[in-house]
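The chain contents come next:
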Amino acid sequence: MTLETTDEETPLLHANDYVEPQQKPVITGKTPLPWSQFSIILSLQVLEPMTSQVISPFAPQLIRSIGVTNGEEARVAIYVGILQSLFFATEALTTFHWSRLSDRVGRKPILLIGLTGISISMFSFGLSRTFWSVVLSRCLCGALNGNVVVMKSMIADITDSTNMSQAYAYIPFAWQAGIALGPLIGGLLASPTVQYPELFGRFKLLKAYPYFLPCGVIGTLALVWWCITFFFLSESTQPSTSFARFLGLSKSERSTMPSDSGLRSKTKPLPFRELLVTRVVIATCAYAATALIEISFRAVQPVFYATPIEMGGLGLDAPAIGIILAMLGILNGVLQLLFFVRLHDWLGGRNLYLFSVFSCFPMLALFPAISFVAKAQGLSYFVYLLVGLQLLTFVISYSAFGVVFMYINASAPNRASIGATNGLAQTVVSVIRAIGPAVANSAYSLSIEKQLLGGNMVYWLMAGMVCIAVGVGSALPRRLWCE
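What you are looking at is a predicted structure, and each value in this text was computed from that prediction instead of being measured. (Residues numbered from 1 in each chain as written. Predicted model: local features only at pLDDT ≥ 70, side-chain atom pairs only at ≥ 80, totals over all residues. Heavy atoms only, no water.)

A.B. asks: Run through the packing of aromatic side chains, naming residues and quoting values.
C.D. replies: Counting across every chain of the model gives 18 aromatic pairs. Relative to F131, the ring of Y79 has its centre 5.2 Å away and its plane inclined at 90 degrees; by these criteria the two rings are edge-to-face. Of this pair, Y79 sits in helix α3 (residues 76-105) while F131 sits in helix α5 (residues 131-143); the two residues are 52 residues apart in sequence, bridging distant segments of the chain. Neither residue differs from the other here; Y79 and F131 are each classed as buried. On the basis of an interplanar angle of 75 degrees and a centroid distance of 5.0 Å, the ring pair of F304 and F367 is categorised as edge-to-face. Residue F304 is found in helix α14 (residues 278-306), and its partner F367 is found in helix α17 (residues 360-377); the two are separated by 63 residues along the sequence. For F304, a relative accessible area of 0% gives the class buried. Judged by relative accessible area, which is 0%, F367 ranks as buried. Taken together, the ring pairs in this structure connect Y287, F297, F304, Y305, F367, F394, Y398, F401 and Y459 into an aromatic cluster. (Phe/Tyr/Trp six-rings, centres within 6.5 Å; stacked < 30°, edge-to-face > 60°. Helix = DSSP H or I, 4+ residues; strand = E, 2+ residues; numbered from the N terminus. Buried < 20%, exposed > 50% of the residue type's maximum accessible area, 1.4 Å probe, protein only.)

This is the structure we're talking about:
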């Protein structure tokens, strides 16, 4: 079979021996989802964003309490951004390696390692009283957590062409449920001896460590799901070696994988250099640009809510911030589930992506508008109306993620490289998510401290990010490459 010679198939780096994979047999009828396994994966999808989002409501108060800012309110956002970035920075260094390792030793051992890392790091975070212990906890959580990419591969393992789209339709809802529950737990359970003195006032541990309870809840949930995964989740792939043999704890055995060289060559994942074809780069850049906007907004949003009104924010406390962020997660998950497929069928992939990205402009413009009204009227109903409108524009913008996920899967050079392609894209996005919060929150602090562009410089910077996403999205084809 001859190779295609179009520009979108031409590797950016020299590639040898591209092999077209064997086609899967045509499946008639619709295969039911394996709910006994898929439900466990869905629950793990809920836990993942809870880990990163649980600290959002109380992160500003935590930074103030450990004294790292020396009482300078404008520096709080900088250190909050550092905390949010560290998780994704360490994740970026390890995600691709965890995904490749799951192909060798199986998905289940990597999931168990990730859950162990979540539990240890969350308990450690809750017991931290210095900035560096907090930093170490977040780095540990990111470094040991390769579950996001592994779960995507696992879903591909247990589904086929007739039910894969149905499976992926549930993923955004599960993810948004975690994003909603994380801030809710963080906001309602932070400083429990202050919020609920009659219930927790006698516990000295919770007085000494006011953020241990929300972190401990997440750490305990990770342990519960470790047990569920260990006992009830089946391995979804055929590993080439066991985890014990990989660690050298048992003698190596002859591989049970097929030895026919022709079959292996047609299903062999491509080397890293051969993944860098034009269409993979375009899809990855679209994912990265979307993630940069989203993570920057999520970084600035709780800090904006916590900043005093006279300094340009809303002056909300942790419970109020947690409730708003939880409402955003619920609203996003439900509306994506109800309307994403209809919008995609109506507008098409590229047009929906561009429509979603363009909605970020009013989303950002509402920050200074909300601040202006709050300074004039206080926390009036009109302020909360504008906050609700901003949440709605964010939900519209989030549809871009569903589009880019489809383009990334379609961009893989061959079917055996879908996992590696997703791993590459996730690694790039993890780097972006590591940089985004620090840049956005540092810009927010400088905007307030120096009153750059009237305190609105950060929103112009984020508008520039949106312009980049529009440019990258324009390079996407109207239809998926596989169509």
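A.B. asks: Tell me about a nonpolar patch on the surface, and name the residues and values.
C.D. replies: The grouping of F173, I330, V334, L337, L338 and F339 at the surface amounts to a nonpolar patch, some 520 Å² of accessible area in total. The biggest single contributor to the nonpolar patch is helix α15 (residues 318-347), with 5 residues. Within the secondary structure, V334 is located in helix α15. (Patch = residues over 30% accessible without salt bridge, like charges linked within 9 Å, V, L, I, M, F, W, Y side chains within 5 Å. Areas by Shrake-Rupley, 256 points an atom, 1.4 Å probe, with all protein chains shown as cover. Salt bridge = Lys/Arg side-chain N within 4 Å of Asp/Glu carboxyl O.)

A.B. asks: Explain the packing of α3 against α5 to me, and be specific about the residues and the numbers.
C.D. replies: It is the contact of α3 with α5, at a shortest axis distance of 7 Å, that shows an interaxial angle of 30 degrees. As judged from the angle between their axes, α3 and α5 are roughly parallel. Viewed along their axes, α3 and α5 form a crossing whose handedness is right-handed. The residues of α5 that touch α3, namely those facing Y79, I82, L83, L86, F87, T90, E91, T94 and W98, are F131, V134, V135, R138, C139, C141, G142 and A143. Classifying every residue of the contact of α3 with α5 gives 12 nonpolar, 3 polar and 2 charged. (Axes fitted to C-alpha atoms, helices over the stretch in contact; angles between N-to-C directions. Parallel < 35°, antiparallel > 145°, perpendicular 65-115°, else oblique. Left-handed = near helix turned anticlockwise from the far one by under 90°. Contact = heavy atoms within 4.5 Å. Nonpolar A, V, L, I, M, F, W, Y, C, P; charged D, E, K, R; others polar.)

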